[in-house]
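Remarks on the overall topology
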Amino acid sequence: MSRWKELPAELDPRVRQLLVRLRRLKDHSGLSVRQLAARTGYSAKSWERYLGGRHLPPAAAVEALARIGGEDPTRLLTLREVAAEAWEHGKDRGRTAAPAAEAPAPEPEHQPESEAGPETGPEVEPRPAAEIRLSVRTLRIAVAAGAVALVLAVSTAVLVTSWLTGRSGADADRTARTAPLAASAPASPRSYSCRLQRVDGAWYAGNSLTLDATVGYGQSGPDVVEVQCLLRRAGVSPGGIDGMFGPLTRGAVVRFQKRAGLIGDGIVGPRTWKALRG
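Residues numbered from 1 in each chain as written. Predicted model: local features only at pLDDT ≥ 70, side-chain atom pairs only at ≥ 80, totals over all residues. Heavy atoms only, no water.

By the definition in use, this model includes one cavity of 30 Å³ or more. By volume, the largest cavity amounts to about 40 Å³. Around the largest cavity, the lining residues are P13, R16, Q17, G216, Y217, R250, D265, G266 and I267. A total of three residues in the lining of the largest cavity trace back to one element, the largest contributor, which is helix α1 (residues 13–29). Across the lining of the largest cavity, the residue classes tally to three nonpolar, three polar and three charged. (1 Å grid on protein atoms, 1.4 Å probe; cavity = no way out; pocket = protein on both sides within 12 Å on 5 of 7 lines; lining within 4 Å. Points joined across faces, edges and corners; volume = space filled by probe spheres on them. Helix = DSSP H or I, 4+ residues; strand = E, 2+ residues; numbered from the N terminus. Nonpolar A, V, L, I, M, F, W, Y, C, P; charged D, E, K, R; others polar.)

The next subject is the packing of helix α7 (residues 222–233) against helix α8 (residues 247–259). Two elements in contact, α7 and α8, have axes whose closest approach is 11 Å; the angle formed by their N-to-C orientations is 50°. Here α7 is positioned oblique relative to α8, judged by the angle of their axes. Crossing of α7 against α8: the hand is left-handed. Counting all contacts with α7, which are made through V227, Q228 and L231, the residues of α8 involved are T249, A252, V253 and F256. (Axes fitted to C-alpha atoms, helices over the stretch in contact; angles between N-to-C directions. Parallel < 35°, antiparallel > 145°, perpendicular 65-115°, else oblique. Left-handed = near helix turned anticlockwise from the far one by under 90°. Contact = heavy atoms within 4.5 Å.)

Moving on to the nonpolar core. Considering soluble globular proteins, one finds that nonpolar side chains tend to be buried as a cluster. Within the largest apolar cluster, 29 residues are counted, with the highest numbers of intra-cluster contacts made by V15, L18, L22, W47, L56 and L76. Counting residues per element, this core draws most heavily on helix α5 (residues 73–97), which supplies seven residues. Contact partners of V15, with chain neighbours within four places excluded, come to L56, A83, A86 and W87. If you look at the next biggest cluster of nonpolar residues, it comprises 15 residues, including V224, V227, A234 and V253. (Core = buried A, V, L, I, M, F, W, Y, C linked by side-chain atoms within 4.5 Å. Buried < 20%, exposed > 50% of the residue type's maximum accessible area, 1.4 Å probe, protein only.)

When two helices pack together, their arrangement is captured by the angle between the axes and the distance separating the axes. Between α7 and helix α9 (residues 270–277), the least distance of the axes is 9 Å, while the angle of their chain directions is 45°. Here α7 lies oblique to α9, going by the angle between them. At the point where α7 passes α9, the crossing takes the left-handed sense. Side by side, α7 and α9 meet where D223, E226, V227, L230, L231 and R233 of the first sit next to W273, L276 and R277 of the second. The residue makeup of the contact of α7 with α9, split by class, is five nonpolar, no polar and four charged.

With that settled, consider the environment of I263. On the secondary structure map, I263 appears in the loop between α8 and α9. In this structure the C-alpha to C-alpha distance between I263 and L7, which are 256 residues apart in sequence, comes to 9.9 Å. Residues in contact with I263, not counting those within four places in the same chain, are E6 and Q257.

This paragraph deals with the side chain of T272. Of note, T272 is situated in helix α9. Of the residues examined, T272 reaches a relative accessible area of 5% and is grouped as buried. A distance of 3.1 Å separates the side chain of T272 from the side chain of Q257, its partner in a polar contact. Aside from chain neighbours lying at most four places away, what touches T272 is F256, Q257, L262 and I267. (Polar contact = N/O pair within 3.5 Å; in protein donor to acceptor, adjacent residues only side chain to side chain.)

Moving on to the side chain of T214. Within the element layout of this structure, T214 appears in the loop between β2 (202–204) and α7. Of the polar contacts made by the side chain of T214, one reaches the side chain of R24; its length is 3.2 Å. Residues in contact with T214, not counting those within four places in the same chain, are R21, R24, Q219, I267 and V268.

This next bit is on α7. Here α7 is twelve residues long and its end C-alpha atoms lie 16 Å apart, about the 16 Å a rise of 1.5 Å per residue gives. Looking only at α7, the buried set comprises V224, V225, E226, V227, Q228, C229, L230 and L231. Immediately downstream of α7, the backbone of G235 shows phi near 85°, a positive value. (Expected span 1.5 Å × (residues − 1).)

Here it is in structure tokens:
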């Protein structure tokens, strides 16, 4: 497995979560950076910038890496959209903080190896026809991938619209029946219980049995409840046991990871699960 450099501290947690997932996929594929470049059409230098947190990887690069790693690209593309918003927000804040500073010329977002020229030398020889054909093929693959992503997005929107339409009638009827009860009893935040027990040398809190699910900022559900219960058992308070991975829970994860000798990225993966259950 690659020994990655620690990501820049100023990265937004949403960008950090995307890059951690991409690094794991790259390690799982067993490919070197040059082999990854040959398989995806993005240069080795581009992949070093993407995985090092210096540039946000484009959607086509994320989808290509997901398919190489044998993972459904839909979730990674969703994470990439969230990370892109955070990335643009961070750049806007940087421009506001230093308006007089001269912006350096941006590096190209990506450069397929088939189009990369020599780094030094007074002249560049014309590319052979084989390289030109490879560039055209790479462009066609990127266009096809974009079309597939568009079809998936439209299909998802249609399914969600149909589901909401079917539920609207049932929801209205249920609201009418429960309106008096709702008016008399104000809603209260949902709470969860921690039923801690040790099985085969590992701690479980009765909410999730996972050992390798990736849980990070903004998520919710049983896996988050399990993390909060195990953090509290380890003496690191995540705030309330509410199933929401918010700032308090993320801060508790970072403190626990550093105490366990792990990278404090605030994302619960296989190594953090192992430490929590140990």
